[in-house]
Amino acid sequence: MLAYSPAVFAVEETYQIIALVKAPCLFWVQVGDGVYGDQQNGVMRSDTEVHRVTVPMKVLDEAGSYTVRVKPVTERKPYFTQTAREEAYTFSFRAVPDKGNIRAYHIADAHGLVTEPIEAAKAFGDIDILILNGDLISYCDQKEELYGVFALMDAITKGGIPVVYARGNHDLRGRFAEHRTAYTPLANGKPYFTFRLGRIWGLILDCAEDKPDDHPEYGSTVCCRAFREEQTAFLQAVIAQKAYEADGITTRVLISHNPFTHVNPSPFDIETDLYREWARLIKEHIRPDVMLSGHQHLTQVFPVGGEYDHLGQPCPLVIGGTYKEHYYAGAGITFTENGWRIMFTDSHHRIISG
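Thresholds applied
- Residues numbered from 1 in each chain as written.
- Predicted model: local features only at pLDDT ≥ 70, side-chain atom pairs only at ≥ 80, totals over all residues.
- Heavy atoms only, no water.
- Helix = DSSP H or I, 4+ residues; strand = E, 2+ residues; numbered from the N terminus.
- Rg over C-alpha atoms; globule rule 2.2 N^0.38 Å.
- Contact = heavy atoms within 4.5 Å.
- Areas by Shrake-Rupley, 256 points an atom, 1.4 Å probe, with all protein chains shown as cover.
- Lys, Arg positive; Asp, Glu negative; His and termini not counted.
- Charge placed at Lys NZ, Arg CZ, Asp CG, Glu CD.
- 1 Å grid on protein atoms, 1.4 Å probe; cavity = no way out; pocket = protein on both sides within 12 Å on 5 of 7 lines; lining within 4 Å.
- Points joined across faces, edges and corners; volume = space filled by probe spheres on them.
- Nonpolar A, V, L, I, M, F, W, Y, C, P; charged D, E, K, R; others polar.
- Axes fitted to C-alpha atoms, helices over the stretch in contact; angles between N-to-C directions.
- Parallel < 35°, antiparallel > 145°, perpendicular 65-115°, else oblique.
- Left-handed = near helix turned anticlockwise from the far one by under 90°.
- Salt bridge = Lys/Arg side-chain N within 4 Å of Asp/Glu carboxyl O.
- Buried < 20%, exposed > 50% of the residue type's maximum accessible area, 1.4 Å probe, protein only.
- Pairing = 2+ DSSP bridges.

1. Regarding the overall build of the chain
Part 1 of the argument: The helix and strand inventory of the chain stands at five helices and 22 strands.
Part 2 of the argument: Over its C-alpha atoms the chain spans a radius of gyration of 20 Å, differing by no more than 12% from the 20 Å that the globule rule assigns to 354 residues.
Part 3 of the argument: Across the chain, every contact between residues at least 6 apart in sequence was considered, and the portion connecting residues at least 24 apart equals 71%.
Part 4 of the argument: For the chain, the accessible area works out to roughly 15,200 Å², and carbon and sulfur atoms hold 48% of it.
Part 5 of the argument: Between the centroid of the 34 positive side chains of the chain and the centroid of its 45 negative side chains there is a distance of 4 Å.

Structural data, given as structure tokens:
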């Protein structure tokens with residue numbers, strides 16, 4: 001019944017377990033004695049191919065496993081809905097460690113490649129976190145284009161480690177783009193949020209598209225200016241709460257598909273005042289250790305004050321995603337208790353720098 005292993009996304013202090021199914025079914029996740037259903041205001045969902053269940057992070061971390069339970073619906077009726085026999089699938093789960101090194105692999109700008117990013121991740125070795133940072137597809141014209149993303153997560157995580165997800169600008173394009181977020185993690189309906197994994201605290205921002213809203217390429221299909229302004233208020237709320245100063249946090253990570261303190265030539269030179277304000281707020285208050293981005297199709301590290309620092313880069317910037325036909329390179333990150341190390345690896349199982 002499951003098309004792929006579930007993806008376990010880190011969102012704030014919860015995991016959102018998202019899974020694709022092959023036929024209409026009712027869907028639950030059991031963690032220990034707790035059962036969490038995919039319901040909408042008390043109604044169990046079945047008329048969908050994608051299911052989402054939210055589980056408290058602490059509960060799953062302590063349990064070390066979860067069981068997906070599905071009941072195929074043969075006919076949903078007002079009374080006495082008919083279902084087939086329940087099926088159950090159990091997955092082990094490994095929480096991010098509080099001590100020692102934490103290993104993560106970062107994939108951005110795969111643009112439809114699946115096998116190649118998987119091989120690049122294998123070249124880095126075992127990981128504790130998978131970071132997906134936008135433009136995994138080139139556009140979203142039909143839902144089937146998203147299946148490769150789930151195949152990628154299945155191959156790398158097998159449903160057993162956390163996934164951190166950020167949206168890219170190409171995710172906003174195509175006939176199915178308005179439905180894209182049904183397949184991705186959200187916090188209060190938004191694709192920007194914070195997360196905590198072990199001693200790592202993270203902030204995800206979403207720059208949306210990379211040209212003005214009225215650019216003819218979009219044909220009036222985007223409205224990103226107001227969406228970005230929302231995130232200024234979100235940043236201010238994050239700073240007021242100061243969760244990044246909680247006990248046990250040793251590393252702060254900023255994740256944004258677009259490295260927004262870098263200004264590209266026209267027509268990509270948008271929102272410089274807004275992005276400069278984001279950078280100021282982040283640098284003065286949150287003080288992240290590293291920023292992870294894609295968008296530029298590079299695998300490279302840029303220091304503060306370097307060639308990518310146009311608007312006040314708040315910390316070192318890692319751009320980790322290079323793709324070509326039948327080729328991909330991504331970024332392996334090791335978070336130590338005193339800092340971080342980077343290793344870029346490619347789909348030919350080579351270490352290309354680090």
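2. Brief notes about the layout of surface pockets
Part 1 of the argument: Empty space within the largest pocket amounts to approximately 550 Å³.
Part 2 of the argument: E12, E13, T194, F195 and R196 are, among the 28 residues lining the largest pocket, the residues nearest its centre.
Part 3 of the argument: Elements that contribute at least two residues to the lining of the largest pocket include exactly α1 (57-63), β14 (193-197) and α4 (224-241).

3. A short note on empty space enclosed by the protein
Part 1 of the argument: If you walk through the whole model with that rule in mind, you get four cavities of 30 Å³ or more.
Part 2 of the argument: Size it by volume and the largest cavity reaches roughly 120 Å³.
Part 3 of the argument: Contributing to the lining of the largest cavity are 13 residues, with N258, H262, F268, I270 and Y275 lying nearest its centre.
Part 4 of the argument: Class assignment for the residues of the lining of the largest cavity results in six nonpolar, five polar and two charged.
Part 5 of the argument: Estimated volume of the second largest cavity: approximately 50 Å³.
Part 6 of the argument: The wall of the second largest cavity is formed by I129, I131, V164, F195, I200, V253, I255, L292 and F335.
Part 7 of the argument: Sorting the residues of the lining of the second largest cavity by element identifies β12 (129-133) and β16 (251-256) as the ones contributing at least two each.
Part 8 of the argument: Per-class residue counts for the lining of the second largest cavity are nine nonpolar, no polar and no charged.

4. Digging into the packing of α4 against helix α5 (residues 272-286)
Part 1 of the argument: At a minimum axis separation of 11 Å, α4 and α5 run at an interaxial angle of 15°. Considering the angle they form, α4 stands roughly parallel to α5. The handedness of the crossing between α4 and α5 is left-handed. Side by side, α4 and α5 meet where R225, R228, E229, Q231, T232, L235, Q236, V238 and I239 of the first sit next to L274, Y275, W278, L281, I282, H285 and I286 of the second.
Part 2 of the argument: Class assignment for the residues of the contact of α4 with α5 results in nine nonpolar, four polar and three charged.

5. A look at the pattern of salt bridges
Part 1 of the argument: All chains considered together, the criterion is met by 21 salt bridges.
Part 2 of the argument: Here D38 and R45 are joined by a salt bridge, their closest N and O atoms 2.7 Å apart.
Part 3 of the argument: For D38, a relative accessible area of 3% gives the class buried.
Part 4 of the argument: Given a relative accessible area of 25%, R45 falls into the partly exposed group.
Part 5 of the argument: Between R94 and D128 there is a salt bridge, with the nearest N and O atoms lying 3.5 Å from each other. Of this pair, R94 sits in the loop between β10 (87-92) and β11 (102-107) while D128 sits in the loop between α2 (115-124) and β12, and the two are 34 residues apart along the sequence.
Part 6 of the argument: Relative accessible area serves as the criterion here: at 43%, R94 is assigned to the partly exposed category.
Part 7 of the argument: Through salt bridges with shared partners, a single ionic network connects R173, E209, D210, K211 and E217.

6. Topic: the environment of E178
Part 1 of the argument: Relative to the helices and strands, E178 resides in the loop between β13 (162-166) and β14.
Part 2 of the argument: Distance in space between the C-alpha atoms of E178 and T221 is 9.6 Å, their sequence separation being 43 residues.

7. Observations regarding the pairing of β13
Part 1 of the argument: Counting buried positions over the five residues of β13 gives five, a clear majority of the element.
Part 2 of the argument: Of the two faces of β13, the one lined by P162, V164 and A166 and the one lined by V163 and Y165 are each fully buried.
Part 3 of the argument: Strand direction decides the pairing type here: strand β1 (residues 7-11) and β13, joined by two bridges, are parallel. Bridge assignment links V8 to a residue of β13, and that residue is P162.

8. What to know about the side chain of D128
Part 1 of the argument: Residue D128 is classed as buried on the basis of its relative accessible area, which comes to 12%.
Part 2 of the argument: Sequence-distant contacts of D128, that is, excluding residues within four places in its chain, are made with R94, V96, P97, N101, I102, R103, I161 and P162.

9. Observations regarding the packing of α2 against helix α3 (residues 147-157)
Part 1 of the argument: α3 packs onto α2 with a crossing angle of 20° between their chain directions and a minimal axis gap of 9 Å. As far as their axial angle goes, α3 and α2 are roughly parallel. Here α2 and α3 pass one another in a crossing that is right-handed. Each of P117, I118 and A121 in α2 lies in contact with α3, whose residues at this interface are A151, L152, A155 and I156.
Part 2 of the argument: Here the contact of α2 with α3 is built from residues that sort into seven nonpolar, no polar and no charged.

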